[in-house]
Structure formats: C-alpha cells, structure tokens
Amino acid sequence: MAIKPDTQPITPDTFLSGIWRENPVFVMLLGMCPVLAVTNSVANALAMGLATTFVLLCSNALVSLLRRQIPKEVRIAAYIIIIATFVTVVDYLIHAISLEVYDALGAFIQLIVVNCMILGRAEAFASRNRLSNTLVNSLGMGIGFTIALLCLGSVRELLGAGALLGYPIFGQSFEPWIIMLLPPGGFFVLAAWLLLFAWLKESQQRRKQAAAAAPQNGGKLGGASIHAR
Amino acid sequence: MHADSLGFIFLNAAIINNFVLALFLGICPLLGVSGKLNTAFSMGLATSLVMLISSVSAWLINEILTHFELEFLRLIAYIAVIASAVQLVEMSLKKFSPALYRALGIFLPLITTNCAILGVALFQTNYEYSFVQSLFYSLGAGTGFIIAIVLMAGLREKLDLADVPSIARGAAMSLMLAGILSLAFMGFAGLGG
C-alpha cells in the first residue's frame, strides 16, 4: 500500500486548488450533467452549487472520519451510500425551504448522487487525508464548482433573457437569444468558457517559453515572437 | 399520439426528450468514450442493458417502498440496485467478451455514476409510469443514448482528420459538436404535438 500522506499540513493550495488549478468543471470536466442542465438562470445555478457543496463537505467529512474503518474492497459502495444519505437530506431540506427552487431543479437535486466530482473527491482525497485537510479541500472544490456554475448561469441568463437574477439589464429593445436558455445554449456557453481558459493557458505558456528561450534579450523580443505566431 | 401510449413514451425518451442532448444526462461517457465508433456503440449497448435492468428493478423497489411508506429510502435503494446491475454486466462482459471489456476500461464501472441511468429510474417514478410503460421508457432512453453517442463518435472520427486550432482540440470541440447535435434534435420538439 502506498504511504499515506496523512500528516500533510494544510497549505493555501489545499484550498485554492479546487478553485483554479483543479477546478472540477473547467479543468477536470467532472460533474457535467448538472453544470449544463440547471444553469439557465443565476438563481438555479447558485442553489445547485450550494446544494452540491453541502453534500460534498458532509460526505467527504464522513468518509475521512471513517477512512480506517471502511474496507478497501467495498469502499466505492460505501461512499455512494454515504453520498446518497446526504443527498436525501438536501432533497428534503430544499423541499422544505423553497418549493419554487425545488420545482426548478427537479430531479437534478437527487442526481447529485451521481455527480462524479463528489465520488472522485472521496476516492482521491478524503479517503487519504485528515478531517481538517479534507474539509478545507472540499470547501475549495465546492466553491470552485459553484463559481463555475455561476459563470455559466450568468452568461446564459444575460444572453437568453437579458436579465441577471431576474432583474432586466438590457432594457426593452433587447431581443433575447432564447437558444441560450435551451439545451444547445448550455453546450455552447460551456464550450466558449473552455476555449477561453485554453486560450489563456496557451498564451501564458508561450510567454513563459519565450521568456525562457531569450532571457538576455528582455521581454521585447519575447513579446514580438508571440505576435508573430 | 396520446401522451400515455407506449409508442409515444418510447419516442419521447429516445428522440424528443433525448436523454443526452435535451436533458443533459450522461454527458461524461459522451465526452469520454466517443473517440471510436465501435467502442461508442458497445458502450451504448452496455449502458442500455444496465438501464433496462435497473429500470425494472427500480419499479419493483418503488412498489415495495411505497407499500411500506419508506419513500425516503428510494434514492439509496436505487443507487444500490444500479451498482449491482453494473457489477453484473461487468462480470458477464469479462467472461463473454474480454476484448470489449478491455476496450471500455474504466468507463464500465463508471456506468454506475452515469446520471442517465439513475435519471431513468427517478423520472419513471416521478411520472408514475406503470410497469410496461417503464419498460418502454427505459428502452427508449437506451436507444436515445446509443443514437447520441454513435452520432457523436462518427462526427469525432471525421473531425480527427480536420485542421482544428490547438486550443479547441478536445473537450471544447466535443461540446460544440454536442451543441450542434442538440440544436438538430430540437427540431423534433414539435413531434409530440
């Protein structure tokens, strides 16, 4: 068995990796189904993000506490049952708090169970780390997931309804792109965000390469070679 | 067609409200296993099989749970059934077709976390379908999944030969393809009337 990095200290990276470097949606491409399905408005996106974060935190905390008790052979089944328990809690909670949100999200609240991100975190992080590390990391991942949902939700609501959180932004003359609220819009907007991040990453890499290749020539030549490409 | 007729339920699940392209269920395998046409088709078949088994079991379980008023256990019971169904399919594939077993790799156990399968079970419960209706619903959903993943794989095989900017390669391109497919499937929306 691999050495357990049980005693690793909590670094800022434990928290931040979920938000940027290992963002579950934009980088790892996990948990796509709710990302696309419920992001037709900011409010839905926020509710879904918070619900997922809650399930992620609670289930990973429990997995982390029980990591020495759960036998290796049946761990996946055990994780799924733990996750399903907390999803049932969230399902009844949202039903009690706001019927409106419950109806808008529909079966996707219950489908949090099969969000690969939560199971993935349980397997990759919570089962090998202390409770404190796990909590910090899960919180980061949850926030990263929520931010990603909000990124999609805001663009789709802005273009599809000309509003943000229900308040009209563009005024009367704006002709809403209904397509953005419909399924294809979800695919297109997510693709656009991925393209943006890929472009950012590539230009950053090029700048780094240019800086490494010609450190004595200063930034000027490096900048020129970027544009020449 | 009447909304409760079996033919309509099948068509609705397969094409009008296609599970992948209209309801966004099962996006992970759509992006992950659609690289090759053969693998995509086998993946579709395996998923449909699991869908059928779990749909039938979910209907039975729901009857039992409703009888004892234990609805809050529904989600946990469904997921346990699906996990066992996947295990079953995995074992039989390993025995009867080792080549296919290797080709599907990690995505076979991951069928458990395929939203489409739990989705079928949950939706048929929400719509209060009878046993036969559930059967047709899950068959339709399986067919729809196969259609979507095979179309996607065909497009991606062609696209491998095309000259695509480097930043668009991979997930972004697949998502755009899925968006265009989804746009095409919206054309079927009027079919139900």
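Residues numbered from 1 in each chain as written. Chains lettered and ligands numbered in written order. Predicted model: local features only at pLDDT ≥ 70, side-chain atom pairs only at ≥ 80, totals over all residues. Heavy atoms only, no water.

## Some remarks on the overall build of chain A
What counts is decided by this rule: Numbered from the N terminus, helices here are DSSP runs of H or I no shorter than four residues, and strands are runs of E no shorter than two. The classification of residues rests on relative accessible area computed with a 1.4 Å probe and restricted to protein chains. Under 20% of the type maximum is buried, over 50% is exposed, and intermediate values are partly exposed. Any pair of residues with heavy atoms lying within 4.5 Å of one another is described as a contacting pair. To be clear on the numbers: accessible area is Shrake-Rupley with a 1.4 Å probe, and residue cover counts the displayed protein chains and nothing else.
Of the regular secondary structure elements, chain A holds ten helices and two strands. The N-to-C order of helical and strand elements in chain A reads α-α-α-α-α-α-α-β-β-α-α-α. When each of the 229 residues of chain A is scored for burial, the buried share is 45%. When contacts within chain A are restricted to residue pairs at least 6 apart in sequence, long-range pairs at least 24 apart make up 73% of them. For chain A, the accessible surface area stands at approximately 11,500 Å², while carbon and sulfur atoms represent 67% of it.

## Focus: unusual backbone geometry
Residue and element names in this part refer to chain B. Notably, E69 is not glycine yet its phi reads approximately 55°, a positive angle. Mapped onto the elements of the fold, E69 is located in the loop between helix 3 (37–67) and helix 4 (74–96). Note on E69: relative accessible area 63%, which makes it exposed. Phi angles above zero are rare outside glycine, and E128 is one such case at about 55°. Structurally, E128 is set in the loop between helix 6 (115–126) and helix 7 (131–159). Owing to a relative accessible area of 69%, E128 belongs among the exposed residues under this scheme.

## As for the nonpolar core
For the record, the criterion: Residues grouped as a nonpolar core are buried Ala, Val, Leu, Ile, Met, Phe, Trp, Tyr and Cys residues, joined through side-chain atoms within 4.5 Å. Residue ranges assigned to the domains are those given by an automatic or database domain assignment.
Counting 108 residues, the largest nonpolar core has A:F26, B:F19, B:I27 and B:L118 as its most contacted members. Considering every element that reaches this core, the biggest residue donor is helix 4 of chain B, with ten residues. No fewer than three residues from each of domain 1 (12–165) and domain 2 (182–228) of chain A sit in this core. When residues no more than four places from it in sequence are discounted, the contact partners of A:F26 are A:A148, A:C151, A:L152, A:L190, A:W193, A:L194 and A:F197.

## With respect to the packing of helix 3 (residues 42–65) of chain A against helix 4 (residues 75–97) of chain A
Residues and elements named next belong to chain A. Under the convention used in this document: Fitting a line to C-alpha atoms yields each axis, with helices limited to the stretch in contact; the angle taken between N-to-C directions then spans 0 to 180 degrees. Should the near helix be turned anticlockwise from the far one by less than a right angle, the crossing is termed left-handed; should it be turned clockwise, right-handed. We call Asp, Glu, Lys and Arg charged. Ala, Val, Leu, Ile, Met, Phe, Trp, Tyr, Cys and Pro are nonpolar, and the rest, Gly among them, are polar.
It is at 9 Å that the axes of helix 3 and helix 4 come closest, and there the two elements cross at 145°. The hand of the helix 3/helix 4 crossing is right-handed. Here A51, F54, V55, C58, S59, L62 and V63 of helix 3 lie close against helix 4, whose contacting residues are Y79, I82, I83, F86, V87, V89, V90 and I94. Grouping the constituent residues of the contact of helix 3 with helix 4 by class yields 14 nonpolar, one polar and no charged.

## Examining the interface of chain B and chain A
Condition: Accessible-area loss on putting two parts together, using a 1.4 Å probe and summing over both, is the definition of buried area adopted here. What counts as a salt bridge is simple: a side-chain nitrogen of Lys or Arg found within 4 Å of a carboxyl oxygen of Asp or Glu.
Counting from both sides, the interface comprises 36 residues of chain B and, opposite them, 33 residues of chain A. At the boundary of chain B with chain A, total buried surface from both sides reaches about 3,100 Å², with 86% on carbon and sulfur atoms. On the chain B side of the interface with chain A, the three residues burying the most area are B:F24, B:I167 and B:L175, jointly 22% of the side's total. Applying the counting criterion to the chain B and chain A interface returns zero salt bridges.

## Some thoughts on the packing of helix 7 of chain B against helix 8 (residues 171–186) of chain B
Residue and element names in this part refer to chain B. Rules: Orientation labels follow simple angle bins: below 35 degrees gives roughly parallel, above 145 gives roughly antiparallel, 65 to 115 gives roughly perpendicular, and whatever is left gives oblique.
At a minimum axis separation of 11 Å, helix 7 and helix 8 run at an interaxial angle of 130°. In terms of orientation, helix 7 lies oblique with respect to helix 8. At the point where helix 7 passes helix 8, the crossing takes the right-handed sense. Note on element contacts: helix 8 touches helix 7 through M173, S174, L177, A178, L181 and F185, opposite I147, A148, L151, M152, L155, R156 and L159. In terms of residue class, the contact of helix 7 with helix 8 is built from eleven nonpolar, one polar and one charged.

## Considerations on the domain arrangement of chain A
All names here are of chain A. By domain assignment, chain A separates into domain 1 (12–165) and domain 2 (182–228). A straight line from the C-alpha centre of domain 1 to that of domain 2 covers 29 Å. Contacts between the two partners involve ten residues from domain 1 and, on the opposite side, nine residues from domain 2. Regarding the contact of domain 1 and domain 2, the summed buried area is about 930 Å², with carbon and sulfur atoms giving 87% of it.

## A word on the side chain of A:S127
By the element assignment, A:S127 lies in the loop between helix 6 (116–124) and helix 7 (131–161). Residue classification places A:S127 among the buried positions, given a relative accessible area of 12%.

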